[in-house]
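A structural walkthrough
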Amino acid sequence: MSVERHIAGMLQQIARQQDIVEIAPQGSSPKAAALAHVAEQYGYTYGTAYRTGFKNSLVQVRMYRDPRPDARVREAATITAHPRAGNGGTVPGLQQGSLKPLPGAAGAVAVLKDLITFDVMALYVADRSQKVKCYLACAVLTGLLLIDKSPVEAVASGGAVALLSTVAFKVGAVRRARITQRLTDAGFLAVRDEEGGQRFLRPGQQLPGHTNPFAA
């Protein structure tokens, strides 16, 4: 799908003043972050992100309509400044015809990218029970390999899988810790959602409700 079609599709949702706008670009988190930044200029705020589609190949971002008056002012100013956005005209914060942010928007897009990446990575962050299940699976694999292979080969194969899993857990944890530090430095507050997952909110913002990101 072309850049213009991505933007036009999102702006059609925004034009209908939907309480929730779904963004699912083909590609990585940076593209999703760029589109999320555009949605913010039209009075929306970041809600959450997750992977979907075939083999979780798509990053899906959910934006919520911001009910605050300053969001409506921002929306009106954006519509006035970019009357042909999505139809060949300029798009707020992005270079013409691309999803690359303009220098003035690069910082905001980078923050959104961190928010998106942090939420998406939650799917792959293992807690204690998940790690136990993974290592038990490695043990089962070793046992199955003993049927056809020598003890040395079976243990080596099972151990290799366990080692790779350990490295993956560690890399994910380190990367998420770095994102946590950047978001904290940017003024975001760490909170827990109703399922116990860690989220980051701007000061004064609450976890998204059904249609209102500031609902209790």
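Further up the page is the structure itself.
A brief look at the structure comes next. Keep in mind that this is a model prediction, so the values were computed, not measured. (Residues numbered from 1 in each chain as written. Predicted model: local features only at pLDDT ≥ 70, side-chain atom pairs only at ≥ 80, totals over all residues. Heavy atoms only, no water.)

What follows deals with the packing of aromatic side chains. Under the counting rule described, the total for this entry stands at 1 aromatic pair. Residues phenylalanine 118 and phenylalanine 200 carry aromatic rings whose centres are separated by 5.1 Å and whose planes lie at 85° to one another, so their mutual orientation is edge-to-face. Here phenylalanine 118 is found in helix H4 (residues 106–121), whereas its partner phenylalanine 200 is found in strand E5 (residues 198–201), with 82 residues between them in sequence. The same class applies to phenylalanine 118 and to phenylalanine 200, which are both buried. (Phe/Tyr/Trp six-rings, centres within 6.5 Å; stacked < 30°, edge-to-face > 60°. Helix = DSSP H or I, 4+ residues; strand = E, 2+ residues; numbered from the N terminus. Buried < 20%, exposed > 50% of the residue type's maximum accessible area, 1.4 Å probe, protein only.)

Our next topic: the pattern of salt bridges. Under the counting rule described, the total for this entry stands at 7 salt bridges. Its salt-bridge partner being arginine 199, residue aspartate 119 comes within 3.3 Å of it at the nearest N-O pair. Highlighted residues: aspartate 119 in helix H4 and arginine 199 in strand E5, separated in sequence by 80 residues. Summarising the burial analysis for this pair, aspartate 119 and arginine 199 share the class buried. Connected via shared salt-bridge partners are Arg65, Arg72 and Glu75. (Salt bridge = Lys/Arg side-chain N within 4 Å of Asp/Glu carboxyl O.)

Moving on, we get to the packing of helix H1 (residues 3–15) against helix H2 (residues 29–41). The axes of two packed helices give the description: the angle between them and the distance between them. Their axes nearest at 11 Å, the elements H1 and H2 cross at an angle of 35°. The handedness of the crossing between H1 and H2 is right-handed. Along the contact surface, H1 presents His6, Ile7, Met10 and Ile14, while H2 presents Leu35, Val38 and Ala39. Class assignment of the residues belonging to the contact of H1 with H2 gives a composition of 6 nonpolar, 1 polar and no charged. (Axes fitted to C-alpha atoms, helices over the stretch in contact; angles between N-to-C directions. Left-handed = near helix turned anticlockwise from the far one by under 90°. Contact = heavy atoms within 4.5 Å. Nonpolar A, V, L, I, M, F, W, Y, C, P; charged D, E, K, R; others polar.)

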